[in-house]
Amino acid sequence: MPLYMDYNASSPIDSRVLDTMVDVYHNYYGNPSSHHQFGEEANRLVKHARSLIAEILSVEPNEVFFTSGATESNNIVILGLARLGREKGKMHIVSTTIEHKAVLEPLKYLATQGFEIELVPVGSSGRVEVDEVLKRVRPDTLLVSVMHANNETGIIQPVEEIGQELSKSDTYFHIDAAQTFGKLVEELKVIRFDLLSLSGHKIYGPQGIGALIRRRHGYQIPRVDPIMWGGGHEDSLRPGTLPVALIVGLGKTAELSAKEYEERRVQNRKIRKSILKQLQNLNHILIGDQEHAISHTLCVSFPDINNEALKIVIKDDIAISNGSACTNRYESSHVLTAMELEPRIIESTVRISWGPTVSLYPLPLEKMSTIIANNISSHN
Ligand code: PLP
């Protein structure tokens, strides 16, 4: 098996999370909406998981709504605010060019429905500037949506400063925290967001579960309409039978993250240092402002080495990605394109992402080194 280094696409599940889920599948199969002992037991588990997620984010349990993941949470926020925007004549939305497609695509849809969408450009640092966002906010701006850390570059965005300013206005602030939930734990506790999307499978939890956090903005709860209708679950915001085992898995992963995030970060930094040392002799360029990079991602270009070819040659040794897993593999990365990098850099960039359990040394980089060395000599 190749070494898995694509944790930003999806991380392996923690065995402690899995064991908890298996117990639920075996023993707590009731529907949490049912009014009998089985339903009540399942409901108690859901309630506990909700409180664990609330705790790690410093929010109230009734501000947590379970969804299938960050894609769905982003869609509910963006599409679900549209009716309010129309009613209030606030049909302007600000976001950035480097957002995940799960934000950009629903925004594109709203643009076809009469909304004005402004995407703030981002330079080669990969980090949006606070002033560039704030100067676009107008009295008719319904929403500002900025991701916390970019999934391709790992660059952390200045959401704390943006949230601070927006909390004084009546524009809602949404952050897509798919890549930082359970990782930048202290940071997320202090950010003044109104709406936040999170996912389980980037943080050693199960795939197919996430949450939307909706908080009071001043005295008001943002009126987000559902995008699906059904049995009134999750305060009618997200109907459908609650997947108890997945929810318990998400709660367990939040609980473990709250205890372990610091030591995970230390280990991730060690791995990062080790990778950088091993790359030392290879011609490479780190993408984005490394001062603001998360500890477990390296976005790196090996100039003149085609990333698709490189991935294929090393596929038996190491599994990495070029760009986002959610983008068509033959499409150039919209994030790197938005950063206005030269095409030869974009086409030679790969993303390496990991977690604390990846073994430190050595990375199976021999083939990569050979290709890169050969390519360099053939150019000389
Ligand atoms: N937003 C960001 C920044 C992501 O990295 C991802 C996953 O790749 C998503 C949203 C989508 O998350 P999910 O897979 O939970 O729908």
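Residues numbered from 1 in each chain as written. Predicted model: local features only at pLDDT ≥ 70, side-chain atom pairs only at ≥ 80, totals over all residues. Heavy atoms only, no water.

K.L.:
How should I be thinking about the overall build of the chain in this particular structure?
P.N.:
In terms of helices and strands, the chain carries 13 helices and twelve strands. Taken over C-alpha atoms, the radius of gyration comes to 21 Å for the chain, in line with the 21 Å a tight globule of 380 residues would show. Principal-axis analysis of the C-alpha atoms gives the chain an extent of 70 × 50 × 30 Å. Contacts in the chain between residues far apart in sequence, at least 24 positions, make up 72% of those at least 6 positions apart. As displayed, the chain has an accessible area near 16700 Å², and 52% of this comes from carbon and sulfur atoms. (Helix = DSSP H or I, 4+ residues; strand = E, 2+ residues; numbered from the N terminus. Rg over C-alpha atoms; globule rule 2.2 N^0.38 Å. Contact = heavy atoms within 4.5 Å. Areas by Shrake-Rupley, 256 points an atom, 1.4 Å probe, with all protein chains shown as cover.)

K.L.:
Teacher, can you tell me more about the pattern of salt bridges here?
P.N.:
Throughout the structure, instances matching the rule amount to 26 salt bridges. E260 serves as the salt-bridge partner of R16, at 2.7 Å between the closest nitrogen and oxygen. Of the two residues, R16 is situated in helix α1 (residues 15-27) and E260 in helix α9 (residues 244-279); the sequence distance between them amounts to 244 residues. With a closest N to O distance of 3.4 Å, R344 and D304 form a salt bridge. Of the two residues, R344 sits in helix α12 (residues 343-346) while D304 sits in the loop between β10 (297-301) and α10 (307-313), which places them 40 residues apart along the sequence. (Salt bridge = Lys/Arg side-chain N within 4 Å of Asp/Glu carboxyl O.)

K.L.:
Before we go on, may I ask you to explain the sheet that holds β10 in this structure?
P.N.:
Backbone hydrogen bonds hold the strands of a sheet together, and the pairing may be parallel or antiparallel. What the three strands build is an open sheet, ordered β9-β10-β12; its pairing is antiparallel. Each edge of the open sheet carries a strand with a single partner, namely β9 (285-286) and β12 (349-353). Its contacts with the sheet put α9 on β9, β10 and β12, and the angle it makes with β10 is roughly 15 degrees. (Pairing = 2+ DSSP bridges. Axes fitted to C-alpha atoms, helices over the stretch in contact; angles between N-to-C directions.)

K.L.:
Even after reading the chapter, I still don't get the site of the ligand, so can you show me in this structure?
P.N.:
The full set close to the ligand counts 13 residues, and T71, D176, Q179, S199 and K202 are the nearest of them. Within the backbone of A70, an N or O atom sits 2.9 Å from an oxygen atom of the ligand. Burial of the ligand by the protein amounts to 90% of the accessible area it has alone, namely 400 Å². Tallied by class, the residues present in the shell around the ligand amount to four nonpolar, seven polar and two charged. (Near = heavy atom within 4 Å. Polar contact = N/O pair within 3.5 Å; in protein donor to acceptor, adjacent residues only side chain to side chain. Nonpolar A, V, L, I, M, F, W, Y, C, P; charged D, E, K, R; others polar.)

K.L.:
I'm lost on the packing of aromatic side chains in this one. Help?
P.N.:
Two aromatic rings, taken as a pair, are described by how far apart their centres are and by the angle between their planes. Applying the stated criterion to the full structure yields three aromatic pairs. With 6.4 Å between their ring centres and 70 degrees between their planes, Y7 and Y204 make a pair best called edge-to-face. Pair noted here: Y7 is in the loop between β1 (3-4) and α1 and Y204 is in the loop between β7 (195-199) and β8 (210-214), with a separation of 197 residues, a long-range link. Taken together, the aromatic side chains of Y4, Y7 and Y204 make up a single cluster linked through ring pairs. Sitting over the ring of F193, R215 keeps its end group 3.9 Å from the ring centre. (Phe/Tyr/Trp six-rings, centres within 6.5 Å; stacked < 30°, edge-to-face > 60°. Lys NZ or Arg CZ within 6 Å of the ring centre and 35° of its normal.)

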